[in-house]
Amino acid sequence: MGHVVAEPFRIKSVEPVRKISAEARRAALEAAGYNTFLLRSEDVYIDLLTDSGTTAMSDRQWAGLLLGDEAYAGSRNFYHLEEAVRDVYGFRHVVPTHQGRGAENILSRILIEPGDFIPGNMYFTTTRLHQELNGGTFRDVIVDEAHDSQCDAPFKGNVDLGKLQALVDEVGADRIPYICLAVTVNLAGGQPVSMANLRDVKALAARHGIRVFFDATRCVENAYFIQKREEGYAGRTIAEILREMMSYADGCTMSGKKDCLVNIGGFLAMNDESLYVKACEWVVVFEGMPSYGGLAGRDMEAMAIGIRESVDQDTIAYRVEQVRYLGDRLIEAGVPVVRPIGGHAVFLDALRFLPHLSQDEFPAQALAARLYLDAGVRAMERGIISAGRDANGANRHPKLELVRLTIPRRVYTYAHMDVVADSVIRLYEDRASIPGLRFTYEPPVLRFFTSRFEPVPRG
Ligand SMILES: *Cc1c(COP(=O)(O)O)cnc(C)c1O
C-alpha cells in the first residue's frame, strides 16, 4: 500500500457531518431521481462531487479575511495578491477575476479572432466554450496515451509535438493566437505534463511566434509529479519547479478554487504590458475594477495567502499522496480504475466494474447512485450522461465511462478515505446486484446536472 503521508496540520475547527440512515438515504436518492447532483449536501456524509472551491482554508487564510480592505479601488489586498503571483509564479501583471472562467473569458476576448485555432492538451468545458464564443476552434493535441485508461505512462498530459506542428502547417501560425496548456489535465484524470514537454512546446511556439498560456488551475499538483517522476527534479523545491514551469509560458488563467486553496477566486496573469492594458479594458466590463475583478478585498487576501501555502512541500505531498492512497487501496482489491492515479481524483472504470450493463444502461450513473446508497458518499458521473446527444439526437458513446471520486483539499482524513474504499470494494464484490438506470426526465442541454432516473427492473 506504500507509506501514508499524514496530515501536515492539526484540526482546530470542525464542521459536523453525519451519515443518515439507510432508509433516509434511499428516500433522498429517490427524491433526487438517482442523480447525485440533485442530492442535498446535508444528506451527504462524504462529499467527493468536486474539489472546486471545497478546500478547507488555513487559520492564516481565515485571519486574512479580517484584513479585507474593501476600498473600491487600490485595495491593499490586491497588492498582496500581485506580490504573491509575482513571487510564486513569476508573472508581472495580474488581473483578478471571480473564478477561473472569468479569466478565460478575458483571455479569449483579447487574443482570439474569428477563424482562429487554439491547440490544447485535451479540452476543458469552460475553456473551450469561451474560445468558441469568440470565434475560435479548439484542436486537441494531447498524446494518444491520454485517451487510454489502462496506459500507465508518467506524463499522460503531454502535448504531441507532431500534432501541434501539423496544426501549424495546416492553418498557419498567424491563425494560432496562443497555445492553451493545462497543467495538470483535468479531463484526462489529473495527468501531468513533463518539464521537458513544456520546454519543447515553448520552443516550437517561439519558432513560430505563437504565445503559450497555461491553464494553471492545478499547476502545483503538476510540479509535485515532476519532482517525483522526472529525472533531475527530485532535489528541487516545489517553488523552484513551479517557477521553471511558468518560465515557459507568457501568462496563465487560474481558478483559485483549486490549487490556490480558496473557496472562490481566480486571476489572469501575463508578462506583456500591452496585453495587460487590453485585459484591464475588458475586466471592467465583466468583473469589476482591475484591482478587485469581482472579488472582495478579503477574498484576494485569502488567495494571496493560499498561493504561498500551496507550494509548501508537506501540503502538496499530503494532497497528492492522499489521493494515491485511495487509488492504491482500490487497485489492490482489483477494482478497475484509471491508471495512473492523477492529482485530484480517483476514477472508477464503470464499464469494467459493471460488465453486465451496456453503456445505454448508464453504468457510471448507476454506480454513483449505489455508492451513495451504500455509504452516503457522493461521486460524479463522467460518461454517457455527461457526453450528451449528438446533432442527430443520438446518445454519444464516450470511450471512458467513469465515476469520479474527487478529493477536496485538507478536508477529509485517511479514515474517510478508508470508508470510501471499503464501500467501493464492497460494491465491487456485490456488483452483479447493481441495476442499470433509465431516464424519467432528460433536459435538452447539459443533462447531467438535472436529469432524473429510475432503476431498470431486472428481467
Ligand atoms: C475548474 C477549472 C476551470 C474553471 O474554473 P472555475 O473557477 O470553475 O471557473 C478551468 N480549467 C480547469 C482545468 C479547471 O479544473
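Counting restarts for each chain: residues are numbered from 1 in the order of the written sequence. pLDDT decides what is reported in this predicted model: residues at 70 or higher carry local features, side-chain atom pairs at 80 or more are listed and counted, and totals for whole chains, interfaces and linings draw on all residues regardless. Excluding hydrogens and water, the side-chain values take into account all heavy atoms of the structure.

**Q** Would you take a moment to explain the overall build of the protein for this structure?
**A** Numbering of helices and strands runs from the N terminus; a helix is a DSSP stretch of H or I covering at least four residues, while a strand is a stretch of E covering at least two. Of regular secondary structure, the protein possesses 16 helices and 14 strands. C-alpha atoms define the radius of gyration in this analysis, and the globule rule sets the expected value at 2.2 Å times the number of residues to the power 0.38. Its C-alpha atoms give the protein a radius of gyration of 22 Å, near enough to 23 Å, the size a compact globule of 459 residues would have. Expressed along its principal axes, the backbone C-alpha trace of the protein runs to roughly 65 × 55 × 45 Å. Between buried and exposed lies partly exposed: a residue is buried under 20% and exposed over 50% of the maximum accessible area for its type, with that area taken using a 1.4 Å probe on protein chains only. Scored against the burial criterion, the 459 residues of the protein give a buried share of 58%. It only takes one pair of heavy atoms within 4.5 Å for two residues to be counted as in contact. Considering only residue pairs separated by 6 or more positions, the protein has 72% of its internal contacts joining residues 24 or more positions apart. The method behind every accessible area is Shrake-Rupley, applied with a 1.4 Å probe, and residues are considered shielded solely by the protein chains displayed. Surface summary for the protein: the accessible area is close to 18,600 Å², and the carbon and sulfur share equals 51%. His residues and chain termini do not enter the charge count, which takes Lys and Arg as positive and Asp and Glu as negative. Taken as the charge centre is NZ of Lys, CZ of Arg, CG of Asp or CD of Glu, depending on the residue. The averaged location of the 61 negative side-chain charges in the protein is 3 Å from the averaged location of its 52 positive side-chain charges.

**Q** What exactly am I supposed to notice about the nonpolar core here?
**A** Nonpolar side chains in soluble globular proteins generally cluster together in the buried interior. For the purposes of this section, nonpolar cores are sets of buried Ala, Val, Leu, Ile, Met, Phe, Trp, Tyr and Cys residues that join through side-chain atoms within 4.5 Å. If you look at the biggest cluster of nonpolar residues, it comprises 117 residues, and the most contacted ones within it are Tyr89, Phe214, Phe267 and Leu405. Counting contributing residues, this core receives three or more from each of domain 1 (22-51 + 313-455) and domain 2 (59-310). Each residue touching Leu405, except ones within four places of it in the same chain, is listed here: Leu48, Leu326, Leu330, His344, Ala345, Val346, Leu348, Leu371, Ala379, Val420 and Val424. Val95, Leu107, Tyr178 and Leu275 belong to the second largest nonpolar core, which has 18 residues in total. Bear in mind that the domain bounds are from an automatic or database domain assignment.

**Q** Looking at this structure, I do not really get the domain arrangement of the protein. What am I missing?
**A** How big an interface is tends to be stated in terms of accessible area lost as the parts join. Domain parsing of the protein yields domain 1 (22-51 + 313-455) and domain 2 (59-310). On a C-alpha basis, the centroid separation for the pair domain 1 and domain 2 is 28 Å. When domain 1 packs against domain 2, the two sides together hide about 2,200 Å² of surface, and 49% of this comes from carbon and sulfur. Buried area is understood as the total, over both parts, of accessible area removed when two parts are fitted together, assessed with a 1.4 Å probe. A per-residue breakdown of the area domain 1 buries against domain 2 is headed by Ile316, Pro340 and Arg409, which together make up 25% of the total. Any Lys or Arg side-chain nitrogen found within 4 Å of a carboxyl oxygen on Asp or Glu counts as a salt bridge. On the surface where domain 1 and domain 2 come into contact, there are six salt bridges. Polar contacts, as used here, are pairs of N or O atoms within 3.5 Å; protein pairs need one atom able to donate a hydrogen and one able to accept it. Residues neighboring in sequence count only if both atoms are side-chain atoms. Taken together, domain 1 and domain 2 are joined by 15 residue pairs in polar contact (both at pLDDT 80 or more). Sorting elements by how many residues they give to the side of domain 1 that touches domain 2 places helix H12 (residues 313-332) first, with seven residues.

**Q** Could you clarify how one ought to interpret the environment of Asp422 in this entry?
**A** Here Asp422 lies in helix H16 (residues 414-429). Sequence separation of Asp422 and Lys278 is 144 residues, and the distance between their C-alpha atoms is 52 Å. For Asp422, the side chain forms a polar contact with the side chain of Arg329, separated by 2.9 Å.

**Q** Teacher, can you tell me more about unusual backbone geometry here?
**A** At the junction of Val183 and Thr184, the peptide bond is cis and its omega measures out at -10° in the coordinates. Mapped onto the elements of the fold, Thr184 is located in the loop between strand S5 (178-182) and helix H7 (195-207). With omega at -20°, the peptide bond leading from Arg339 into Pro340 counts as cis. Checked against the element boundaries, Pro340 lands in the loop between H12 and strand S9 (345-349).

**Q** Explanation requested: the packing of aromatic side chains in the structure shown.
**A** Pairing of aromatic side chains here covers Phe, Tyr and the six-membered ring of Trp, requires ring centres within 6.5 Å, and sorts the geometry by plane angle: under 30 degrees stacked, over 60 edge-to-face, intermediate tilted. Counted by the stated rule, this structure contains 16 aromatic pairs. An angle of 45° between the planes, with centres 4.3 Å apart, marks the rings of Phe448 and Phe449 as tilted. Judged by relative accessible area, which is 11%, Phe448 ranks as buried. Here Phe449 falls in the partly exposed class, since its relative accessible area comes to 39%. Feature note: the residues Phe9, Tyr318, Tyr325 and Tyr414 constitute an aromatic cluster, connected by ring pairs.

**Q** Help me out: how do you make sense of helix H1 (residues 22-31) in this one?
**A** Since the α-helix packs 3.6 residues into each turn, any two residues three or four apart lie on the same face. When H1 is considered as a whole, its buried residues turn out to be Arg25, Ala28 and Leu29. Buried residues of H1, viewed axially, fall in a sector of 100°; they line one side. Among the exposed residues of H1, those pointing more than 90 degrees away from its buried face are Glu23 and Ala31. Of the residues flanking the end of H1, it is Gly33, one or two places downstream, whose phi is positive at about 60°. Throughout, the arc means that of the directions going from the helix axis to the C-beta atoms.

**Q** Looking at this model, I keep getting lost on the site of the ligand. Mind explaining?
**A** Surrounding the ligand, one finds 13 residues, the nearest of these being Arg101, Asp215, Arg218, Ser255 and Lys258. Residue Gln99 places a side-chain N or O atom 2.9 Å away from an oxygen atom belonging to the ligand. One nitrogen or oxygen atom from the side chain of Lys258 is found 3.1 Å from an oxygen atom belonging to the ligand. Coverage of the ligand by the protein chains reaches 96% of its 380 Å² of free accessible surface. Whether a residue is near a molecule or strand depends on its heavy atoms: if one lies within 4 Å, it is near.

**Q** Help me understand the pairing of S9, please; the structure alone is not making it clear to me.
**A** Remark: a regular strand shows side chains that alternate across the two faces of the sheet. Within S9, five of the five residues are buried, which leaves the element mostly enclosed by the surrounding structure. Alternating residues of S9 divide into Ala345, Phe347 and Asp349 and Val346 and Leu348, and every residue in both groups is buried.

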